Amino acid sequence: MIANLAQLAAEETEQNPLVPAGPELLVGTIAFAIVFFFFWKKLLPNINKVLEERRAAIEGGIEEADAMKVEAQSVLEQYKAQLAEARHEAARLRQEAQEQGATLIAEMRAEGQRQREEIVAAGHAQIEADRKTAAQTLRQDVGKLATDLAGKLVGESLEDHARQSRVIDRFLDELEEKAEAAR
């Protein structure tokens, strides 16, 4: 038998070196079938299971990312709407403040004008009262001095009060008329 195998091996080597011998082909096919069956029954389901889990995780991640993207877009739109509303409210408040400021300034100016007019009127009234008092005092002083001077010139006392007042009033009235005519 060994001789047959040796002869067979010698013949085979003379044949095509790429084609394996029959027993080697049979042993290789059986080994391949065993390894293939082992991979198919044991490893392939585990590999498919892991690949399926990865695919599910990736798809779930993509769906979650899409959902988060939609939610983020929604939040962004809400934020933009709130920001626009806040800007509008700020502009409205700024406008109201400007209007209130303008109203307040106008009121303060009117109050200032009224107070100024009151002060000026009070000043004019005080000046007029002071002028009248000064004129009255001046009349009395001028009248007294004129009476004393006239008494010294005439050499008699001009003590008649009624006459004295009439003379003084007439004299001062003439002075006032001349002063008004000169203006």
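The residue numbers shown here count from 1 along each chain, following its written sequence. With pLDDT at 70 or above as the cut-off, local features in this predicted model cover only qualifying residues; side-chain atom pairs require 80 or more to be listed or tallied, and sums for whole chains, interfaces and linings still use all residues. In computing side-chain values, all of the structure's heavy atoms are included and hydrogens and water are not.

Under the annotation held in an unreviewed UniProt entry, the protein chain carries the name ATP synthase subunit b and is attributed to Streptomyces glomeratus. Word for word, the UniProt comment on the protein chain under Subcellular location (unreviewed entry) is "Cell membrane". UniProt positions are given in the numbering used here, feature names are shortened, and annotations may be inferred rather than shown by experiment.

On to the overall build of the protein chain, then. Strands here mean DSSP runs of E at least two residues long; helices mean DSSP runs of H or I at least four residues long; both are numbered from the N terminus. Regarding its fold elements, the protein chain presents three helices and zero strands. Ordered by position in the sequence, the α and β elements of the protein chain form the string α-α-α. Burial classes follow relative accessibility: with a 1.4 Å probe on protein chains only, a residue under 20% of its type's maximum area counts as buried, one over 50% as exposed, and anything between as partly exposed. In the protein chain, which comprises 183 residues, the share counted as buried stands at 4%. Note on areas: Shrake-Rupley with a 1.4 Å probe; residue coverage comes only from the protein chains shown. As displayed, the protein chain offers around 16,200 Å² of accessible surface, 62% of which is attributable to carbon and sulfur atoms.

It is worth spelling out the packing of aromatic side chains at this point. Only rings of Phe, Tyr and Trp enter the pairing, Trp through its six-membered ring, and a pair is recorded when the two centres are within 6.5 Å. The plane angle decides the type: under 30 degrees is stacked, over 60 is edge-to-face, the rest tilted. The final tally for this structure, using the stated rule, is two aromatic pairs. If you follow Lys41 out to its NZ or CZ, it ends over the ring of Trp40, 4.9 Å from the centre. Geometrically, a charge over a ring is one whose NZ (Lys) or CZ (Arg) sits within 6 Å of the ring centre while staying within 35 degrees of the ring normal.

The salt bridge definition used is simple: a Lys or Arg side-chain nitrogen within 4 Å of an Asp or Glu carboxyl oxygen. Throughout the structure, instances matching the rule amount to seven salt bridges. Glu89 serves as the salt-bridge partner of Arg92, at 2.2 Å between the closest nitrogen and oxygen. Of the two residues, Arg92 and Glu89 both sit in helix α2 (residues 22-154), three residues apart, roughly one turn of that helix. Close ionic contact of Glu128 with Arg131 constitutes a salt bridge, the shortest N to O distance being 2.6 Å. Here Arg131 and Glu128 lie together in helix α2, a separation of three residues that amounts to about one turn.

As annotated in UniProt, the feature "transmembrane region" (unreviewed entry) corresponds to residues 25-44 in the numbering used here. Across residues 25-44, helical content stands at 100% and strand content at 0%; the span's end C-alpha atoms are separated by 25 Å.

Let us now look at the confidence of the model for the protein chain. Per-residue confidence from the predictor is reported as pLDDT, a score between 0 and 100. Within the protein chain, residue pLDDT values average 82, and 81% of them lie at 70 or more. Within the protein chain, α2 carries the highest mean pLDDT (88), whereas helix α1 (residues 2-14) carries the lowest (61).

A surface patch of nonpolar side chains, amounting to about 540 Å² of accessible area, comprises Val35, Phe38, Phe39, Leu43, Ile47 and Leu51. Given a relative accessible area of 46%, Phe38 falls into the partly exposed group. Excluding any residue in a salt bridge, patches collect residues exceeding 30% relative accessible area, merging like charges within 9 Å and nonpolar Val, Leu, Ile, Met, Phe, Trp and Tyr side chains within 5 Å.

Moving on to the environment of Asn46. Locating Asn46 in the fold gives a position in helix α2. Taking relative accessible area as the criterion, Asn46 reaches 46% and is therefore assigned partly exposed. Among the polar contacts listed, one links the side chain of Asn46 to the backbone oxygen of Lys42, at a separation of 3.3 Å. Any pair of nitrogen or oxygen atoms within 3.5 Å is treated as a polar contact; in protein, a donor-acceptor pairing is required on top of that, and neighbouring residues in sequence qualify only through side-chain atoms on both sides.

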